[in-house]
Amino acid sequence: MAGRDDLRGEGDGDAQRRRCDGGRGVTSRAVTPRVVDRPASLGKGVSVYPSATAMVWPGEGSMHEAVAVPGVRLSPGDVLVEIELATVCDSDLHTLLGHRPAPTPLVLGHEQVGRVIALGRGGAKTTDGLRVSLGERIVWSAAVPCGRCARCRRGLPQKCLALQKYGHERMRRGWELSGGFATHAHILDGTPMVSVPDGVPASVLAPASCSTATVAAALEAADAITPLDGALVLIAGAGMLGLTAAAMATDAGAHVVVADASPERRSLATAFGAEAVTTAVGVPESGAELTAALARAGGRGAVPTIALELSGDTTAVRALTGFVDVGGVVVLIGSITAGADVPLDPELLSRHLLTVRGVHNYAPRHLEQAVRFLGRAWERYPFAELVGPVFPLAEVDAALAAALGDGRRRVGLRP
Ligand SMILES: [Zn+2]
Ligand SMILES: [Zn+2]
């Protein structure tokens with residue numbers, strides 16, 4: 001499938017006719033057609049054949065509808081990508097289940113990889129400053145920051161005051177291809193894009209723009225408080241993020257213990273670098289088992305300096321603050337929907353010089369770190385095995401049902 005510049009675009013002729021007859025109806029006067037250059041603000045028309053298709057979710061309780069998008073208008077800096085593979089993230093499922101408000105109709109999906117097939121006028125650049133070329137394989141950030149507001153200037157582009165997020169916005173004219181559950185994605189100017197190597201499987205790369213980059217942000221947040229290299233790290237939760245965190249922390253020189261109630265997930269954690277595993281933290285009877293696991297990974301009497309909460313279980317949040325050593329840090333990433341309040345002991349936080357950090361989404365550098373990490377480590381850890389089954393795009397409802405039924409793996413969608 002190829003993009004083709006369509007510089008005249010649809011409707012030109014009608015507009016020309018109306019201008020010529022002044023809206024008074026058809027006249028017999030001969031007119032000389034004039035080609036008027038479209039103002040740059042209208043962007044560059046690109047038609048796609050066969051037509052691009054977006055799977056549109058009309059709202060809770062409704063099935064997806066396939067919507068044909070035969071053309072897009074690329075503003076300067078925009079990019080049109082042909083999607084190779086998208087994966088279903090837990091937050092797509094939260095939207096689907098009504099756990100968080102979503103403006104419908106919308107195109108879900110924000111984890112995907114694809115190839116550039118058209119560029120807006122003037123081209124576009126990846127985060128490393130290099131020009132994007134046609135055919136380049138890329139991943140892109142889940143969000144588009146404005147780059148100008150107070151939050152962007154404070155170094156928090158992921159919390160931009162005018163943030164637009166892929167897979168989260170109401171479908172609108174001019175930005176129909178706004179999510180990953182489509183054959184193509186319309187990448188808006190300002191979206192951080194990162195080039196990815198051809199040799200890495202799409203199943204490894206698709207989650208980069210959500211789970212891998214988020215974990216990179218969490219590890220950076222921890223490392224800013226106490227060094228990751230050589231640290232004993234306790235990770236609560238061995239889902240996609242927990243397993244990714246185990247591998248990334250191990251890659252950074254840490255000794256990792258993973259806690260999860262599921263024996264199957266615990267054995268996966270070992271494959272992702274954990275030196276020891278234990279049942280869920282926060283369960284009173286797990287104390288001795290946890291101590292033994294920490295000793296296996298860090299030596300007798302070892303206490304973690306970094307704890308990552310990725311399970312979303314509020315009891316784990318409190319437990320972790322009691323487990324980390326003096327000067328340690330607890331990073332909270334898993335609590336992304338409203339949950340119970342957690343009692344915290346302020347004396348403990350104060351006396352133990354503890355830091356509790358929240359991390360949500362990520363900045364462009366974390367997407368770069370995610371891609372670099374996956375590029376060098378994907379064969380060392382079984383990332384490819386975390387994705388499956390893969391459904392054809394048209395079967396998006398079946399794919400989402402499968403993802404809801406089995407939270408252990410990322411379900412894929414292939415256009
Ligand atoms: Zn901003
Ligand atoms: Zn996500």
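Shown above is the structure to which this text applies.
In this report, the structure presented in the accompanying data block is examined. Note that the structure is predicted; figures quoted are calculated from it, not measured. By convention here, each chain's residues receive numbers from 1 onward along its written sequence. Here chains are named by letter from A upward and ligands by number from 1 upward, in the order in which they appear as written. Note on the predicted model: pLDDT of at least 70 is required for a residue's local features to be given, and 80 or more for side-chain atom pairs to be given and counted; whole-chain, interface and lining totals, by contrast, use all residues. Side-chain calculation: all heavy atoms of the structure are included, whereas hydrogens and water are not.

### Quick look at the overall build of the chain
Here comes step 1: Secondary structure elements are taken from DSSP: a helix is a run of H or I of four residues or more, a strand is a run of E of two residues or more, and numbering for both begins at the N terminus. Helix and strand counts for the chain come out as twelve helices and 18 strands.
Here comes step 2: Taken across its 415 residues, the chain has 49% of its residues classed as buried.
Here comes step 3: Contacts: residue pairs with any heavy atoms within 4.5 Å of one another. Pairs at least 24 residues apart make up 69% of the contacts formed inside the chain by residues separated by at least 6 positions. Accessible area is worked out with a 1.4 Å probe on protein chains only. A residue is then buried under 20% of its type maximum, exposed over 50%, and partly exposed in between.

### Points about unusual backbone geometry
Most peptide bonds take the trans form, and the phi angle of most residues other than glycine is negative.
Here comes step 1: Cis peptide bonds are those with omega within 30 degrees of zero, and the linkage from Y49 to P50 qualifies with -10 degrees.
Here comes step 2: In the Ramachandran plot, L353 falls in the positive-phi region, its phi being about 50 degrees despite a non-glycine side chain.
Here comes step 3: You can see L353 is positioned in the loop between helix 10 (346-351) and strand 16 (355-358).
Here comes step 4: Residue L353 is classed as exposed on the basis of its relative accessible area of 56%.
Here comes step 5: Residue N361 is not a glycine yet carries a positive backbone phi of 60 degrees.
Here comes step 6: Within the secondary structure layout, N361 lies in the loop between strand 16 and helix 11 (364-377).

### As for the coordination of the zinc ion (ligand 1)
Here comes step 1: Donor atoms (N, O, S) are those found within 2.8 Å of the metal centre, with the cutoff raised to 3.2 Å for Na, K and Ca; water is not part of the atom list, so apparent gaps in a site can occur. Only C146 (SG), C149 (SG), C152 (SG) and C160 (SG) from the protein coordinate the zinc ion (ligand 1), and they sit 2.3 to 2.4 Å from it.
Here comes step 2: Geometry is assigned from the angles between donors: four donors with all angles from 85 to 135 degrees make a tetrahedral site, four or six donors whose opposite pairs exceed 155 degrees while the rest stay between 65 and 115 make square planar or octahedral sites respectively, and everything else is labelled irregular. Of note is the zinc ion (ligand 1), whose four donor atoms meet at the metal with angles of 100 to 118 degrees in an arrangement that counts as tetrahedral.
Here comes step 3: For the zinc ion (ligand 1), the single-chain donor residues occur in sequence as C-x2-C-x2-C-x7-C.
Here comes step 4: Taking relative accessible area as the criterion, C149 reaches 12% and is therefore assigned buried.

### A closer look at the coordination of the zinc ion (ligand 2)
Here comes step 1: At 2.0 to 2.2 Å from the zinc ion (ligand 2) lie its protein donor atoms, namely C89 (SG), H110 (NE2) and C210 (SG).
Here comes step 2: All donor residues of the zinc ion (ligand 2) come from one chain, and their arrangement in sequence is C-x20-H-x99-C. Within this pair, whereas C89 is found in the loop between strand 4 (79-87) and helix 2 (90-96), its partner C210 is found in the loop between helix 4 (202-205) and helix 5 (211-223), the two being separated by 121 residues in sequence. Across the pair, C210 and C89 agree in class, each one buried.

### Describing the packing of aromatic side chains
Here comes step 1: Paired rings are identified among Phe, Tyr and Trp, the last through its six-membered ring, by centres lying within 6.5 Å, and are further divided according to the angle between planes into stacked (under 30 degrees), edge-to-face (over 60) and tilted (the rest). In total, this model carries five aromatic pairs according to the counting rule given.
Here comes step 2: Geometrically, the ring pair formed by Y166 and W175 is edge-to-face, given 5.4 Å between the ring centres and 75 degrees between the ring planes. For the residue pair Y166 and W175, the accessibility class agrees, reading buried in each case.
Here comes step 3: Ring plane angle 15 degrees and centroid distance 6.4 Å describe the contact between F272 and Y381, whose orientation is recorded as stacked. One end of the pair, F272, is in the loop between helix 7 (263-271) and strand 13 (276-278); the other, Y381, is in the loop between helix 11 and strand 17 (387-392), and 109 residues separate them in sequence. For the pair F272 and Y381, one class covers both residues: buried.
Here comes step 4: An aromatic cluster is built from F272, F373, Y381 and F383, whose rings are joined through pairwise contacts.

### Examining the packing of helix 5 against helix 6 (residues 240-251)
Here comes step 1: Remark: helix 5 packs on helix 6, axes separated minimally by 9 Å, with the N-to-C direction vectors making an angle of 55 degrees. On the basis of the axis angle, helix 5 is oblique to helix 6. The way helix 5 lies across helix 6 gives a crossing that is right-handed. Within the contact between the two elements, helix 5 uses S211, T212, T214, V215, A216 and L219 and helix 6 uses M240, L241, T244, A245, M248 and A249.
Here comes step 2: Considered class by class, the residues forming the contact of helix 5 with helix 6 number eight nonpolar, four polar and no charged. Working convention: axes come from line fits to C-alpha atoms, limited for helices to the stretch in contact. Angles between N-to-C directions cover 0 to 180 degrees. Each angle is binned into one of four classes, with values under 35 degrees roughly parallel, values over 145 roughly antiparallel, values of 65 to 115 roughly perpendicular, and all other values oblique. The crossing is said to be left-handed when, going from far helix to near helix, the turn is anticlockwise and less than a right angle, and right-handed when the turn is clockwise. In this classification, the charged set is Asp, Glu, Lys and Arg, the nonpolar set is Ala, Val, Leu, Ile, Met, Phe, Trp, Tyr, Cys and Pro, and all remaining amino acids, among them Gly, are polar.

### Some details on the nonpolar core
Here comes step 1: Joining through side-chain atoms within 4.5 Å is the link that ties buried Ala, Val, Leu, Ile, Met, Phe, Trp, Tyr and Cys residues into a set, and such a set is a nonpolar core. Core analysis: the largest hydrophobic core is formed by 56 residues, its most contacted members being V233, I235, V256, L308 and F383.
Here comes step 2: With eight residues, the single largest contributor to this core is helix 5.
Here comes step 3: Those residues in contact with F383 that lie beyond four places of it in its chain are V204, T244, A247, F272, F373, L374 and W378.
Here comes step 4: Counting 18 residues, the second-largest nonpolar core is a separate cluster that includes L232, A276, V281 and L290.

### Observations regarding the sheet that holds strand 11 (residues 232-236)
Here comes step 1: In short, DSSP must find at least two bridges between two strands for them to pair. Strand order in the open sheet formed by six strands is 13-12-11-14-15-16, with parallel pairing between adjacent strands. Across the chains shown, the open sheet's two edge strands, defined by having one partner strand only, are strand 13 and strand 16. Looking at each pair of strands side by side, their axes are set apart by 20 degrees on average, direction ignored.
Here comes step 2: In this sheet, strand 16 lies alongside strand 15 (residues 329-332) in parallel orientation, the contact comprising four bridges. Of the residues in strand 16, the one forming a bridge with V329 is T355.

### Structural notes on the packing of helix 6 against helix 11
Angle between the axes and distance between the axes are the two parameters that describe a pair of packed helices.
Here comes step 1: Packing of helix 6 against helix 11 leaves a shortest axis separation of 11 Å and a crossing angle of 80 degrees. Taken as axis vectors, helix 6 and helix 11 run roughly perpendicular relative to one another. Contacts between helix 6 and helix 11 involve A247, M248 and D251 from the first element and Q369, A370, F373 and R376 from the second.
Here comes step 2: A per-class count over the contact of helix 6 with helix 11 returns four nonpolar, one polar and two charged.

### Notes on the pairing of strand 18 (residues 410-414)
Where a strand is regular, its side chains alternate between the two sheet faces.
Here comes step 1: Summarising burial for strand 18: four of the five residues are buried, a large majority.
Here comes step 2: As paired strands, strand 4 and strand 18 are joined by two bridges and run antiparallel to one another. From the neighbouring strand, T87 faces strand 18, where its bridge partner is G412.
Here comes step 3: Two strands pair when backbone bridges link them, and strand 17 and strand 18 are joined in this way by four bridges, in the parallel orientation. Across the sheet, residue V390 finds its bridge partner in strand 18, namely G412.

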